[in-house]
Amino acid sequence: MNLKDYLKDKLINILILLLSYFIVFLLLIAFKVKISLILVITFIFLITNTLLIMGDYYKKKKFYNNILNNINKLDKAYLVLETINKPEFYEGKIVYQILYEINKSMCENVNLIEEQLLDFKDYIEMWIHEVKRPLASLSLTLNNNKLLDIKLKSILKNLEDYLEQVLYYVRCENAASDYYIKEVDLGNIIKNVGIRNMDDLLNNKVDFKVEKINLKVYTDSKWLEFILNQIINNSIKYKKGKNSYIKISAIDNVDTIKLIIEDNGIGIPKSDIKEVFKKTFTGENGRIVPSATGMGLYIAKNLCSKLGHKIEIESIFNEYTRVSITFAKNKFYDVLK
Amino acid sequence: MSKIMIIEDDEVLSLELKELLTLNGYEVELVKDFKNTIDAILNYNPDLLLLDINIPYLNGEVILQNLRKKSNVPVIMVTSRNTDMDEALSISLGADDYITKPYNPNILLLRINAILKRVNRISNIINYKTLIINTQNGTIKNQDKEIILTKNEMIIFAYLLNNKDKIVKRDELMTSLWNNEEFINDNALTVNISRLRSKLFKLGYNNIIETRKGQGYIIS
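Residues numbered from 1 in each chain as written. Chains lettered and ligands numbered in written order. Predicted model: local features only at pLDDT ≥ 70, side-chain atom pairs only at ≥ 80, totals over all residues. Heavy atoms only, no water.

A.B. asks: Any chance you could explain the overall build of chain B here in plain terms?
C.D. replies: From N to C terminus, chain B includes 8 helices and 11 strands. For chain B, the spread of C-alpha atoms along the three principal axes comes to 60 × 30 × 30 Å. With 220 residues in all, chain B has 52% of them scored as buried. For chain B, the proportion of contacts with a sequence separation of at least 24, taken over those separated by at least 6, is 57%. Summing over all exposed atoms, chain B offers an accessible surface of approximately 10,400 Å²; the carbon and sulfur share of this is 47%. Of note, chain B has its 27 positive side-chain charges centred 8 Å away from the centre of its 28 negative side-chain charges. (Helix = DSSP H or I, 4+ residues; strand = E, 2+ residues; numbered from the N terminus. Buried < 20%, exposed > 50% of the residue type's maximum accessible area, 1.4 Å probe, protein only. Contact = heavy atoms within 4.5 Å. Areas by Shrake-Rupley, 256 points an atom, 1.4 Å probe, with all protein chains shown as cover. Lys, Arg positive; Asp, Glu negative; His and termini not counted. Charge placed at Lys NZ, Arg CZ, Asp CG, Glu CD.)

A.B. asks: Teacher, can you tell me more about the pattern of salt bridges here?
C.D. replies: Pairing between side chains of opposite charge can happen when their charged atoms approach one another. Evaluation of the coordinates by the stated rule reveals 35 salt bridges over all chains. Here Arg196 of chain A ties to Asp161 of chain A by a salt bridge, and the two come within 2.7 Å at their closest N and O atoms. On the criterion of sequence distance, the pair formed by Arg196 of chain A in helix 6 (residues 186–196) and Asp161 of chain A in helix 5 (residues 150–173) is long-range, its members being 35 residues apart. Under the relative-accessibility criterion, Arg196 of chain A is labelled partly exposed at 29%. Under the relative-accessibility criterion, Asp161 of chain A is labelled buried at 10%. Linking Glu210 of chain B and Arg212 of chain B is a salt bridge whose minimum nitrogen-to-oxygen distance equals 3.6 Å. Classification of Arg212 of chain B by relative accessible area gives partly exposed; the value is 31%. When salt bridges with common partners are traced through the structure, they connect Arg133 of chain A together with Glu8, Asp9, Asp10, Asp52 and Lys101 of chain B into a single cluster. (Salt bridge = Lys/Arg side-chain N within 4 Å of Asp/Glu carboxyl O.)

A.B. asks: Is there a simple way to think about the sheet that holds strand 6 (residues 125–128) of chain B in this case?
C.D. replies: Two strands in a sheet stick together by hydrogen bonds in their backbones, pointing the same way (parallel) or opposite ways (antiparallel). Residue and element names in this part refer to chain B. Read across the open sheet, the 4 strands follow the order 6-7-8-9; overall the sheet is antiparallel. Looking at strand neighbours, the two that pair on one side only are strand 6 and strand 9 (145–148), the edges of this open sheet. With strand direction ignored, the average angle separating the axes of adjacent strands in the sheet is 20°. The pairing of strand 7 (residues 131–134) with strand 8 (residues 139–142) spans 4 bridges and is antiparallel. Across the sheet, Leu131 pairs through a bridge with Asn142, a residue of strand 8. In the packing of helix 6 (residues 151–162) onto the sheet, the strands contacted are strand 6, strand 7 and strand 8, and the crossing angle to strand 7 comes to about 120°. (Pairing = 2+ DSSP bridges. Axes fitted to C-alpha atoms, helices over the stretch in contact; angles between N-to-C directions.)

A.B. asks: Can you walk me through the pairing of strand 5 (residues 97–100) of chain B in this structure?
C.D. replies: The two faces of a sheet get side chains in turn, since along a regular strand they alternate between them. Residues and elements named next belong to chain B. As paired elements, strand 4 (residues 75–79) and strand 5 share 4 bridges and run parallel to each other. When the sheet's bridge partners are listed, Val78 is paired in strand 5 with Ile99. Tracing the backbone out of strand 4, into helix 4 (residues 84–92) and back to the parallel element strand 5 gives a crossover that is right-handed. (Right-handed = clockwise from strand over helix to strand, strands pointing away.)

A.B. asks: Explain the interface of chain A and chain B to me, please; I cannot follow it from the model alone.
C.D. replies: When the parts of a complex come together, some accessible area is lost, and that lost area is often taken as the interface size. Contacts between chain A and chain B engage 36 residues on the former and 37 residues on the latter. Carbon and sulfur atoms supply 55% of the area that chain A and chain B bury against each other, a total of about 3,300 Å² over both sides. Counting the surface chain A buries against chain B, the share from its top three residues, Arg133, Leu140 and Asn144 of chain A, is 20%. Viewed at the interface, chain B and chain A are joined by 9 salt bridges. The closest approach of N and O atoms between Arg133 of chain A and Glu8 of chain B, which form a salt bridge, is 3.7 Å. Counting the contacts that link chain A with chain B gives 13 residue pairs in polar contact (both at pLDDT 80 or more). Elements that contribute at least two residues to the side of chain A that touches chain B include exactly helix 4 (90–144), helix 5, helix 6, helix 7 (198–203), strand 2 (206–210) and helix 8 (221–237) of chain A. Among the elements that line the side of chain A that touches chain B, the one with the most residues is helix 4 of chain A, at 11 residues. (Buried area = accessible area lost by both parts, 1.4 Å probe. Polar contact = N/O pair within 3.5 Å; in protein donor to acceptor, adjacent residues only side chain to side chain.)

A.B. asks: Where do I start with the domain arrangement of chain B in this structure?
C.D. replies: Residues and elements named next belong to chain B. Under the domain assignment, chain B is made up of domain 1 (3–119) and domain 2 (125–219). Taken together, the contacts link 5 residues of domain 1 with 7 residues of domain 2. Between domain 1 and domain 2 the total buried area reaches about 540 Å² when both faces are included, carbon and sulfur atoms providing 49% of it. Of all residues in domain 1, Asn24, Asn106 and Leu110 bury the most surface against domain 2, accounting for 71% of the area lost on that side. Counting across the domain 1 and domain 2 interface gives 0 salt bridges. The interface formed by domain 1 and domain 2 holds 3 residue pairs in polar contact (both at pLDDT 80 or more) in total. Sorting elements by how many residues they give to the side of domain 1 that touches domain 2 places helix 5 (residues 105–119) first, with 3 residues. For the side of domain 1 that touches domain 2, a count of residues per class yields 3 nonpolar, 2 polar and no charged. (Domains from an automatic or database assignment. Nonpolar A, V, L, I, M, F, W, Y, C, P; charged D, E, K, R; others polar.)

A.B. asks: Help me understand the domain arrangement of chain A, please; the structure alone is not making it clear to me.
C.D. replies: Entries for chain A in the domain assignment read domain 1 (3–85), domain 2 (112–173) and domain 3 (182–336). For domain 1 of chain A versus domain 3 of chain A, the separation of C-alpha centres amounts to 66 Å.

A.B. asks: Please clarify how helix 11 (residues 296–307) of chain A should be interpreted in this entry.
C.D. replies: Given 3.6 residues to a turn, an α-helix orients residues that are three or four positions apart in the same direction. All names here are of chain A. With 12 residues, helix 11 should cover 16 Å at 1.5 Å per step; its first-to-last C-alpha distance of 17 Å lies within 8% of that length. Of all 12 residues making up helix 11, 9 are buried, and the element is well covered by its neighbours. Check the buried side of helix 11 and you find it contacts helix 5, strand 3 (216–219), helix 8, strand 6 (310–316) and strand 7 (320–328). Phi for Gly308, located one or two positions after helix 11, is positive at around 85°. (Expected span 1.5 Å × (residues − 1).)

The structure is reproduced here in structure tokens:
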């Protein structure tokens, strides 16, 4: 709120005031009042009216500027009402009341939607756990009857992977995520992901080269397994011709541990590399592989940022793709040990 | 023969589990009445318990908690809940391992075997005919002759010996190798098996590892 615009807004009031003063002035002249008295009257008129206008201006300025400032400072602008005092002047009270009503109705709406979302999340989680039962029965039945061949195994694994993707999508989109951070052995996690993808790797003749990794990181092991699974799935999906490999190594830095997953697949075109973590982005490579959903890396990135890990990707088209995940070494935990 | 008890309310799944374990040489009992699960466990006195979390009446975690007051039987939790939090809770209540559904049958068998081995303190020495196999230091002795196996060869040989008289699929050998962080490919497995055979030949044992075409390998 600035003075110039305020005065512009009050222009008609000011003009009427001036007009009335001018009429009084003419009357005073007409009644031949002494010039000194006219000057005193003029002076009093000017002082009182200026004080009235400026008083009104500062009162409103204080109220509105306070709101505007606070709105700019808050990351959730709708909380602004909590930061201001209820104004004393009539107009301000109305504005305050309006803001209050709007806010209340919006909060009720948001709560309702949050509740629905949470219900939906719970339902999806429950549903996925339910589906895993018949899936487990199916895979055991096929296995016991010696029907579980390479083809069926791969179909079952696809089913499992897609189910899990939904589960983690729901988890990563939700504010109240249920992760559990503890010290885990990186080598063990890689082993689990390796075994999980063993059939796919062997059938696609992709060599799984893992350097001896004797490092521990702070993370949620299930989440990290899911993230690595997405990366390895991609490497298998986008492999290139013969002698394909996935190489996993880790670098132990002073205050970080960097896990690197590198493949010699088809790589990612330069124009696409910045977009790969975006939701439903499939890009050039998505046209080659029909089953690309564009969700895997998006969810992986989302989970990483929740866990406080940094995930990066670099690639040269037709040569390699290198994904790295950086874990912070937490000195706080070391002190606790 | 080790006795395993399965506590799982999904009938199809529990019957298939029973079949899988029976085929692999375990004696298996299913719990059918979930009202007195703990008594049933104590009565049967199994060597290992496979316990689902979502079962009627008391859930698996409560059963485990109550069971631990009376028994130290090894327990593997088998569940479709897959968060670290659930796992940590089960382990803190005294579970020995935690496997999520749907599981790889080979992995389930490996985990069961690992726990039974740990609990029963099965020694690192396996005897086969006149051979003495030490899985710890990777040696095979035949009277005064001794040869050293590589880690991979030993994993393969030990797995075949532990499944004597049974056809072992390549897939099972692979899982066992990968489970020991030896992520080898198909060619390497073939090479390892032929090296193992030639080492055994040096000790005077020709063709103890038979190939069953399209099925796998067998030691009898």
